[in-house]
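# Chain and residue survey
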Amino acid sequence: MKKTFEEQVKEAKAERLQYRIVRDAVFIVLGIFFLILSIFSAQKDKEKEIKKNKTTTITTTIKKTK
């Protein structure tokens, strides 16, 4: 069964559209993955900076002797 040129063009366009959709979906998923990765990385860096800048206060009590 031979396909006409128009049918072949329609199939090629449909196939090309399908590949574009898959490609775009992959790039969106990768983009979301790297966004989440950068958020976690920034959060860890912030926690390290807070720990680095955190100061501790030590209080002592002196008992007087008679």
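Everything below is about the structure shown above.
Residues numbered from 1 in each chain as written. Predicted model: local features only at pLDDT ≥ 70, side-chain atom pairs only at ≥ 80, totals over all residues. Heavy atoms only, no water.

### Topic: the overall build of the protein chain
Formally: Elements are defined by DSSP. Helices are runs of H or I of four residues or more, strands are runs of E of two residues or more, and each kind is numbered from the N terminus. Think of it in three bands: residues with accessible area under 20% of the maximum for their type are buried, residues over 50% are exposed, and the middle band is partly exposed, with areas taken using a 1.4 Å probe on protein chains only. Under the convention used here, a 1.4 Å probe and the Shrake-Rupley method define accessible areas, while residue burial counts only the protein chains that appear.
Scanning the protein chain from terminus to terminus reveals 1 helix and 0 strands. Burial status across the protein chain gives 0% buried among its 66 residues. In the form shown here, the protein chain has an accessible surface area of approximately 7500 Å², with 63% of it arising from carbon and sulfur atoms.

### Side note on the packing of aromatic side chains
What counts is decided by this rule: For Phe, Tyr and Trp, where Trp contributes only its six-membered ring, two rings pair if their centres lie within 6.5 Å, and the inter-plane angle classes them as stacked under 30 degrees, edge-to-face over 60, or tilted in between.
Tallied over the full model, the rule gives 1 aromatic pair. Geometrically, the ring pair formed by Phe 33 and Phe 34 is edge-to-face, given 5.4 Å between the ring centres and 70 degrees between the ring planes. Taking the relative accessible area as the measure of exposure, Phe 33 reaches 48% and is therefore partly exposed.

### Notes on the pattern of salt bridges
We apply this condition: Within this document, salt bridges are pairs made up of a side-chain nitrogen of Lys or Arg and a carboxyl oxygen of Asp or Glu, the two lying within 4 Å of each other.
Following the criterion strictly, the structure yields 2 salt bridges and no others. Here Lys 3 makes a salt bridge to Glu 11, at a shortest N to O gap of 2.7 Å. Note that Asp 24 is salt-bridged to Arg 23, the shortest N-O span being 3.6 Å.

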